[in-house]
Amino acid sequence: MRSLMDASCRMALAAMLHDAGKFAERARLEVAGETADANKQLYCPHQKEFTDATGYFTHIHAAYTGMAIDLIEKQMPDLVGDDVSPFASWRSEDVADSLINAAAGHHKPQTFLQWVVATADRVASGFERESFERYNKADEKTSTGRNHYTARLLTLFEQIHIEKTKSPKKKGDLLWRYPLESMRPSSMFPMPSSDCEGNDNRNAQHEYRKLWEAFVSSLEDIPSSHRKQWPLWLDHFDSLWLTFTHAIPSATAGGAKPDVSLYDHSRTTAALAVALWRWHEEKDRCDDHASMALKDRSDWDEKKFLLIMGDFFGIQDFILAAGGESRKKAAKLLRGRSFQVSLLTECASLKILDTLGLPPTSQVINAAGKFLIVAPNTDQVVQQLENIQREMDGWFLTHTYGQSGIGLSWLEAACNDFVGQESGVPRFRLLIERLFAKVERKKFARFSLCSSDSVEPVMKEFLDSFDAELGVCAVDGRSPAQEEVDGCPMSVLAADQIRIGKYLAHKSRVLVSTHDLQHNTLRLPMLGYYVSFTGAEEASGMFGALAKKGSLRRAWDFSCPESPDQVLFSGYARRNINAHVPLMGDANAWEADRYRGLEEDNEWDAHAPKTFEHLARDDWWVDEQGHWHGAEALAVLKGDVDNLGRIFEKGLERPTFAKWASLSRQVNAFFAVHLPVLCKQEFPNTYTVFAGGDDFFLLGPWHSTVHLARRMREDFSRWVARNEELHFSAGIVMSKPGLPVPSLGTMAEDALESSKGLEGKNALTLFGETASWHDFEALWKTHEGIRELSRRYDLSTGYLYRLQELAWMSEKLKSSRPDYENAIWQSWFAYRTWRLLERNKSIRKEQRKEAMAELTEGLKMPIEQFGSKFRVPLFLHLYHQR
């Protein structure tokens, strides 16, 4: 299996780097003229014209691919030696089948391995035969009129169109681009084309050269000891490649629309190439006949691929499980459980990859409890997947009693399923619909408990598993306790969740090993893997020997960037798992007074995570007399992207595998990359219960959380290039810190459902009132107006509270069967407001009329406009002043 894994990783690397020449050529790397000419002869299509007998070469980047690999070969695992299968050694006579030739020869393939990479390249791009032939002859000019140096990556978000009442944008109407920069949270937003795209070739080449040099420099940051383990090194390299190629257009020739990044095209090509080669290898079809079949597409209807989708079901039940947990441990449990969901999903995916001997690049998607792996479609693979499913079912039945689990679904696919159309519908769209239909069916057949080969339920000897002294787990209130943590009996799973919650505050990397490292290692192996937490310094030197042995399967950096401008690569594979934890911070007089009565001792630990009780007071503010104001309350913010299914199914006019993977990655990145940095920088007292995929669940001080919701809505609009068809809905609920988290989750879910129920969605529910985001912004301005009017005219709390009654009366007049007796609310408003002004001794008689006009505009008109929704700005003000 080690030999098969290493060979698969080499194939993945060849496919991943097949277009590295686009990066190198645009950076204008200096190479010897003889080398450049020789590579053009070997790898570039040659076109002849009647006016020029010598003709010319197209797709010069293929020549640069060979040169690029030459330049970085010393920082990669050994590509020469006795065993570099499936490729020939560069020192051998059969040099045509070397890795470098397989990578660079995709536009002019000659051998079977070259045809494997070339076929994967065309399938990932959705090229039909005729369209590829035209592309193969074309010059480097995009649909936007720029050349391959000056063109910047279009955003797919701007092109999404799902509303029939609106016309889709045409090529010339696409105004947004990604800046040509390394991946940083701040560089992931699209920009107007005028801000990042020009016509100066020299400046454009300089930008590419700067990016290339940073890429080569960062390649040296991957630990040298990890080069001895192909899958470990390739996982690091994948994150490196993402960091420096996420904004490089992959296709610019022949009027192509530059809307897929070099990374997403490379990654999907690598996954397809490995599966394709492995299928042919097992079928013993790696000869010239196989090459010809790939070339003329005569076997493109054979089901050679197996798309494997993993789905973590019961995420909310897992994270928000009710039971016997004490309030003291609620925050640690919450972040521990949330992080554990991500770890379990990663370990499940890793188990499939290791069992099938597939490289990390075969996992195309992994976000929010879902992952997609491309494998060869063989009987052995299917049997292994069935065994893995039974093993995972056993683990979840044993430790979660069936409340949660990971279901595997798989679907056969042929090359032609990724290209072309069927009855006017893109075949790839039909393929994905079939895959997700299988995933949905799997949800209703969890654990296969009704089938003959299901895992035996573990509840059979449940009572006998309890220890007489430890008794029941104090956290979940049902499991047998197996150890004590801080004097509390707990199950191993619950104790590990507490440990994770502690490690997240001070560690930045996760190590996944086949052996117990006995170094901040969780007691319970996850699906056969030991998970340890470590800091940056320890991970570099302490575990090199384990990497060389092969015990260390993965090393992931999950640290939250210190700033939006930090490059997202530090030498290790990156996993964007939300891990920001609000900490106590340095002690000062204000904070000590704010938290008075919450500390159990007199010692202040700056590195200790905040409890929910601390967070509930973090929006308190102090007046000039030193008195604290504000409600002592938490808020839960829950939301998800509207119409996500329709976006992926019908949003893109011509979907391809690479575009689909890119879209999934970029939606997830908003919640998994941008949001944690935003929270750390501007909303540091926010706990991320979960955020990724298309949804989020956040908890923090109540007023700050409302601010955060508004900021997220604005940032998401920028993220999707101001496309009005892309938006999310959310619900916010407030509570005292003592309310159990599961109850908060249920309330927040109900609020979110109310938002989803509004026509058009794109809404927020707060204080039981649902409003579109557009109306909510108007309500927020009303809230600011109330604050200013209250300051100027000393509006009493009683007066403001009574406005709520008038808002209800105004709402009743808006119904289909209005009660006209409520029309008297306007008279009541005038009477109460005038009486308030008369009692205010600081307002002179001649000023009352002007004050009345201001209060009418700032209070009465919003009541008339919004009805009961006026409660939103009113309560925002009242709770903040309490």
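Numbers given for residues are sequential positions, taken from 1 along each chain in its written order. Thresholds applied to this predicted model are a pLDDT of at least 70 for local features of residues and 80 or more for the giving and counting of side-chain atom pairs; totals over whole chains, interfaces and linings are not thresholded and use all residues. Each side-chain value is derived from all of the structure's non-hydrogen atoms; neither hydrogens nor water enter the calculation.

What follows deals with the overall build of the chain. Counting from the N terminus, the helices are DSSP H or I runs at least four residues long and the strands are E runs at least two residues long. Secondary structure summary: the chain contains 30 helices and 24 strands in total. A radius of gyration in this sense is built from C-alpha atoms; the matching globule rule multiplies 2.2 Å by the number of residues raised to 0.38. Against the 2.2 N^0.38 benchmark of 29 Å for 882 residues, the chain shows a C-alpha radius of gyration of 30 Å, consistent with a compact globule. Along the first, second and third principal axes, the C-alpha atoms of the chain reach 100 × 80 × 50 Å. Three labels apply to residues, based on accessible area from a 1.4 Å probe with only protein chains included: buried if under 20% of the type maximum, exposed if over 50%, partly exposed otherwise in between. By residue count, 59% of the 882 residues in the chain fall in the buried class. For the chain, contacts bridging at least 24 residues in sequence account for 71% of all contacts bridging at least 6. Method for areas: the Shrake-Rupley scheme with a 1.4 Å probe, in which residue coverage is limited to the protein chains shown. Carbon and sulfur atoms make up 47% of the accessible area of the chain, which totals about 36,500 Å². Asp and Glu count as negative and Lys and Arg as positive, but His and the ends of the chain are not part of the count. In this description, the location of a charge corresponds to atom NZ of lysine, CZ of arginine, CG of aspartate or CD of glutamate. Mean positive and mean negative side-chain charge positions of the chain (107 and 122 charges, respectively) differ by 4 Å. Residue contacts follow a heavy-atom distance rule, with two residues in contact if any of their heavy atoms lie within 4.5 Å.

Nonpolar cores were defined as sets of buried Ala, Val, Leu, Ile, Met, Phe, Trp, Tyr and Cys residues, with membership established by side-chain atoms within 4.5 Å. Core analysis: the largest hydrophobic core is formed by 240 residues, its most contacted members being Phe418 and Phe533. At 13 residues, helix 14 (residues 330-356) tops the list of elements feeding residues into this core. Each residue touching Phe533, except ones within four places of it in the same chain, is listed here: Phe339, Leu343, Ile500, Tyr503, Leu504, Lys507, Arg509, Val510, His519, Asn520, Leu522 and Phe558.

Each pair of aromatic rings taken from Phe, Tyr and Trp, with Trp reduced to its six-membered ring, is defined by centres within 6.5 Å and is described as stacked if the planes are under 30 degrees apart, edge-to-face if over 60, and tilted in the remaining cases. Scanning the entire structure with this criterion turns up 44 aromatic pairs. Plain terms: the ring middles of Phe776 and Trp780 are 6.4 Å apart, the flat faces sit at 45° to each other, and that makes the pair tilted. Placement of both Phe776 and Trp780 in helix 26 (residues 773-793) is noted, with a separation of 4 residues, approximately one turn of the helix. Ring plane angle 50° and centroid distance 5.7 Å describe the contact between Phe875 and Tyr879, whose orientation is recorded as tilted. Here Phe875 and its partner Tyr879 are both found in helix 30 (residues 871-881), 4 residues apart, which amounts to about one turn of the helix. With a relative accessible area of 9%, Phe875 lands in the buried category. Members of the aromatic cluster, each reached through a chain of ring pairs, are Phe189, Phe670, Phe671, Phe696, Phe716, Trp719, Phe728, Trp773, Phe776 and Trp780. Here the basic side chain of Arg509 rests over the ring of Tyr572, its NZ or CZ set 3.8 Å away from the ring centre. The ring of Phe189 has Arg718 lying over it, and the distance from NZ or CZ to the ring centre is 4.0 Å. Any Lys NZ or Arg CZ that is within 6 Å of a ring centre and within 35 degrees of that ring's normal is treated as a charge sitting over the ring.

The subject of this paragraph is the sheet that holds strand 14 (residues 530-534). Pairing between two strands requires that DSSP report at least two bridges joining them. Strands sit in the order 14-13-15-16 across an open sheet of 4 strands; the sheet is mixed. If you trace the sheet from one side to the other, it starts and ends with strand 14 and strand 16 (573-574), each paired once. Where strand 13 (residues 509-513) meets strand 14, 5 bridges bridge the pair, whose relative direction is antiparallel. Following the sheet pairing, Arg509 is matched in strand 14 by Thr534. Here helix 10 (residues 230-245) sits on the sheet in contact with strand 15 (552-557) and strand 16, set at roughly 20° to strand 15. Lines fitted to the C-alpha atoms define the axes, with helices restricted to the stretch that makes contact. Angles between their N-to-C directions range from 0 to 180 degrees.

The predicted coordinates should not be examined in detail at positions where pLDDT is low. Every residue is assigned a pLDDT by the predictor, reflecting its confidence on a scale from 0 to 100. In the predicted model, the chain carries a mean pLDDT of 88, and the fraction of residues at 70 or more is 91%. Between the elements of the chain, mean pLDDT differs from a low of 55, seen in helix 18 (residues 536-542), to a high of 98, seen in strand 23 (residues 763-766).

Cis peptide bonds are those with omega within 30 degrees of zero, and the linkage from Ser85 to Pro86 qualifies with 5°. Looking at the secondary structure, you find Pro86 in the loop between helix 4 (61-72) and helix 5 (99-104). With a phi angle near 55°, Asp486 is a residue other than glycine that sits in the positive phi range. Mapped onto the elements of the fold, Asp486 is located in the loop between strand 11 (483-485) and strand 12 (488-490). Not every positive phi belongs to a glycine, and Arg722 is a case in point at roughly 60°. As for its position among the elements, Arg722 is in the loop between helix 24 (702-719) and strand 22 (728-735).

Turning next to the pattern of salt bridges. The salt bridge definition used is simple: a Lys or Arg side-chain nitrogen within 4 Å of an Asp or Glu carboxyl oxygen. One pass over the full model with this rule turns up 46 salt bridges. Across the salt bridge formed by Lys22 and Asp19, the nearest N and O atoms sit 3.2 Å from each other. Owing to a relative accessible area of 2%, Asp19 belongs among the buried residues under this scheme. Between Glu714 and Arg722 there is a salt bridge, with its nearest N and O atoms 3.0 Å apart. Each of Asp235, Glu346, Arg554 and Arg575 takes part in a single network of salt bridges with overlapping partners.

The description of two helices packed together rests on the angle between their axes and the distance between the axes. Their axes nearest at 9 Å, the elements helix 11 (residues 262-283) and helix 23 (residues 657-682) cross at an angle of 120°. Accordingly, the angle class assigned to the pair helix 11 and helix 23 is oblique. Along this stretch, helix 11 crosses helix 23, giving a crossing that reads as right-handed. Taken together, the residues of helix 23 that come into contact with helix 11 (itself represented by Tyr263, Asp264, His265, Thr268 and Leu272) are Phe657, Ala658, Ala661, Ser662 and Arg665. Throughout, the ten residues Ala, Val, Leu, Ile, Met, Phe, Trp, Tyr, Cys and Pro are labelled nonpolar, Asp, Glu, Lys and Arg are labelled charged, and all others, Gly among them, are labelled polar. Considering only residue class, the contact of helix 11 with helix 23 consists of 5 nonpolar, 3 polar and 2 charged. Should an angle lie under 35 degrees it is considered roughly parallel, over 145 roughly antiparallel, and from 65 to 115 roughly perpendicular; all remaining angles are considered oblique. The crossing is said to be left-handed when, going from far helix to near helix, the turn is anticlockwise and less than a right angle, and right-handed when the turn is clockwise.

Turning to the state of the cysteines, a few remarks are in order. Working definition: a disulfide is two cysteine sulfur atoms within 2.5 Å of each other. Within this structure, the stated rule accounts for 0 disulfides. With no disulfide of its own, Cys9 has Cys347 as its nearest cysteine by sulfur position, at a separation of 18 Å.

Two numbers describe how helix 14 lies on helix 17 (residues 492-503): the axes approach to 7 Å, and their chain directions differ by 100°. By the angle class used here, helix 14 and helix 17 are roughly perpendicular. Contacts from Lys332, Leu333, Arg335, Gly336, Arg337, Phe339, Gln340 and Leu343 of helix 14 reach helix 17 at Leu493, Ala494, Asp496, Gln497, Ile498, Ile500 and Gly501. Considering only residue class, the contact of helix 14 with helix 17 consists of 7 nonpolar, 4 polar and 4 charged.

On to a negative patch on the surface. Residues Glu281, Asp284, Asp287 and Asp288 make up a contiguous surface patch of negative charge. If you trace the backbone, Asp288 turns up in helix 12 (residues 288-296). Only residues above 30% relative accessible area that lack a salt bridge enter a patch, with like-charged residues linked at up to 9 Å and the nonpolar side chains Val, Leu, Ile, Met, Phe, Trp and Tyr linked at up to 5 Å.

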